Amino acid sequence: MVMGITEILDGYDTDNLSITTVCSHSSMQIFDGARKEDMGSIGIAIREPPRFYEAFPLGVPDEFYTVDDWKNVNAHAPALQEKNAVVVPSGSFVEYMGADNFKQLDLPTYGNRDVLEWESDRQKEREWLMSAGLAMPRVIDDPHDIEKPVIVKYHGAKGGKGFFIAKDYQDFEKKIDRDKPFIMQEFLVGTRYYIHYFYSPLSTDGYRVRDGSLQVLGVDRRDETNIDEAHRLGSITELEDMGIKPTFVVTGNIPIVLRESLLKKVFEMGEKVIERSYELFGGLYGPFCLETVVTEELDFKVFEISARIVAGTNIYIDGSPYADLVQPGLSTGQRIAQEIKMAVEQDRLDDIIT
């Protein structure tokens, strides 16, 4: 934890912390989780609070805090410090502010901000996961070498926006925006599963990893437009001949239960990622998600990691088939609040806040 954040946290009333995040992504789940643990909450919104939150009273924060622009959130840090704000990052929070701005935010933040450097850069993300011993899709460096369908992804968390499939070099050149950094991978055939993990460096029970414990709180699949429905009309080539461009924008999430025999591999993957994270940048803790494809040989290939709470956890706001076996009704949002409370009780906030 950098010295500035240490000094800010020293001035907090830790018995009255307010869990703070932007009103987007997984915020209602986070606010609900804070309420379940008798903690305060603050929702940051642009110009005015989202009106639809009024329809979900348990998902409304204790207080809305409005700003004029996401890039200017840090200008409001002193006022939020007065409210004992502890930031919980989400994909929207980081994307709206920008990773560099978010890393400079003058507010205590749950989790290791150094992970952003490794998560938002596709090359560094691959270095992390491959060096942890995870199987990943093959990378094609030269588009002239495309021999079968590849998926091209731009850097950063964008909910699948802008991803595209290219079947050959000419197809790639027609679709690519070279002003954006990207990575090109083989297009994996299998079943997509998004695994919701939670690592606590504070817990002393459960599935032990390092000095803490690892949990799996849920699994989901993403509904993506229009790739998940367009196949009904034919192959990708046939779709493009009809003027339909396959896209991967996430519009929703679907609950999944894995066959039990796969859980051993699931925990082994999570453990390897955590161990390597401590060697590379001081550790990954809190919620994270491995985005995987399972082949017909029942092997996992990991194509991405989200080192924070993911929106797929929203389908388990009142527990999942996995979280219920830890604590009935447990959500990732509530688990975050529990971890912050535990750190206060153990006088170890500096172990989970940066």
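Summarised in this report is the structure supplied together with it. Since the model is a prediction, treat every value here as computed from it, not as a measurement. (Residues numbered from 1 in each chain as written. Predicted model: local features only at pLDDT ≥ 70, side-chain atom pairs only at ≥ 80, totals over all residues. Heavy atoms only, no water.)

### Observations concerning the pattern of salt bridges
The cut-off we apply is this: Salt bridges are counted wherever a side-chain nitrogen of Lys or Arg sits within 4 Å of a carboxyl oxygen of Asp or Glu. Strands are runs of DSSP state E lasting at least two residues, helices are runs of H or I lasting at least four, and both sets are numbered from the N terminus onward.
One pass over the full model with this rule turns up 19 salt bridges. A salt bridge links Arg-276 to Glu-279, with the shortest nitrogen-to-oxygen separation between them at 2.8 Å. One end of the pair, Arg-276, and the other, Glu-279, are both in helix α11 (residues 263–281), three residues apart, so they sit about a helical turn from each other. Among the charged side chains, a network of salt bridges with common partners joins Arg-122, Glu-125, Lys-153 and Glu-304.

### Here we look at the sheet that holds strand β4 (residues 85–87)
Threshold: One requirement defines pairing of two strands: DSSP has to find at least two bridges between them. Fitted lines through C-alpha atoms give the axes, limited to the stretch in contact for helices. The angle between two N-to-C directions lies from 0 to 180 degrees. Note on definitions: a residue-residue contact is assigned when non-hydrogen atoms from the two residues lie within 4.5 Å.
Across the sheet, four strands lie side by side as β3-β2-β1-β4; this open sheet has parallel pairing. Two strands lie at the open edges of the sheet, namely β3 (63–67) and β4, each paired on one side alone. With direction set aside, neighbouring strand axes in the sheet form an average angle of 35°. One ladder, built from five bridges, connects strand β1 (residues 18–22) with strand β2 (residues 40–46); its direction is parallel. Counted as the bridge partner of Thr-20 is Ile-42 from β2. Each of β1 and β2 touches helix α2 (residues 27–36); the most contacted strand, β1, lies at about 175° to it.

### Quick look at α2
The criterion, for reference: With a 1.4 Å probe rolled over the protein chains alone, any residue whose accessible area is under 20% of its type maximum counts as buried; one over 50% counts as exposed, and the rest are partly exposed.
Taking burial as the measure, the 10 residues of α2 include seven buried ones, the bulk of the element. Of all the positions in α2, only Ser-27, Gln-29, Ile-30, Phe-31, Asp-32, Gly-33 and Ala-34 are classed as buried. In this structure, the buried side of α2 is in contact with β1, β2 and α12 (332–345). Positioned one or two residues after α2, Asp-38 has a phi angle of 60°, which is positive.

### Remarks on the packing of α2 against α12
Angle between the axes and distance between the axes are the two parameters that describe a pair of packed helices. Defined as follows: For classification purposes, angles smaller than 35 degrees are called roughly parallel, those larger than 145 roughly antiparallel, those between 65 and 115 roughly perpendicular, and all remaining angles oblique. Note: crossing handedness is left-handed where the near helix turns anticlockwise from the far helix by less than a right angle, and right-handed where it turns clockwise. By the convention adopted, Pro, Cys, Tyr, Trp, Phe, Met, Ile, Leu, Val and Ala count as nonpolar, Lys, Arg, Asp and Glu as charged, and the other residues, Gly among them, as polar.
Two elements in contact, α2 and α12, have axes whose closest approach is 7 Å; the angle formed by their N-to-C orientations is 50°. The angle between α2 and α12 places the two elements in the oblique class. Along this stretch, α2 crosses α12, giving a crossing that reads as right-handed. Contacts between α2 and α12 pair Gln-29, Ile-30, Gly-33, Ala-34 and Lys-36 from the former with Thr-332, Gly-333, Gln-334 and Ala-337 from the latter. Looking at the contact of α2 with α12 residue by residue, the class counts come to three nonpolar, five polar and one charged.

### Notes on unusual backbone geometry
A positive phi is found at Arg-210, a non-glycine position, where the angle reads about 55°. As for its position among the elements, Arg-210 is in the loop between β9 (207–209) and β10 (212–226). Given a relative accessible area of 43%, Arg-210 falls into the partly exposed group. Even without glycine at this site, Leu-298 takes up a positive phi of about 65°. Along the chain, Leu-298 turns up in the loop between β12 (286–294) and β13 (300–306). A relative accessible area of 28% means that Leu-298 is categorised as partly exposed.

### A look at the nonpolar core
We apply this condition: To qualify as a nonpolar core, a set must consist of buried Ala, Val, Leu, Ile, Met, Phe, Trp, Tyr and Cys residues joined through side-chain atoms within 4.5 Å.
If you look at the biggest cluster of nonpolar residues, it comprises 78 residues, and the most contacted ones within it are Tyr-197, Leu-258, Val-273, Phe-288, Leu-290 and Ile-340. With seven residues, the single largest contributor to this core is α11. If sequence neighbours within four positions are ignored, Tyr-197 has contacts with Leu-214, Gln-215, Val-216, Val-266, Met-269, Gly-270, Gly-286, Pro-287, Phe-288 and Leu-290. Grouped together as the second largest cluster of nonpolar side chains are 10 residues, Ile-140, Phe-172, Ile-176 and Met-184 included.

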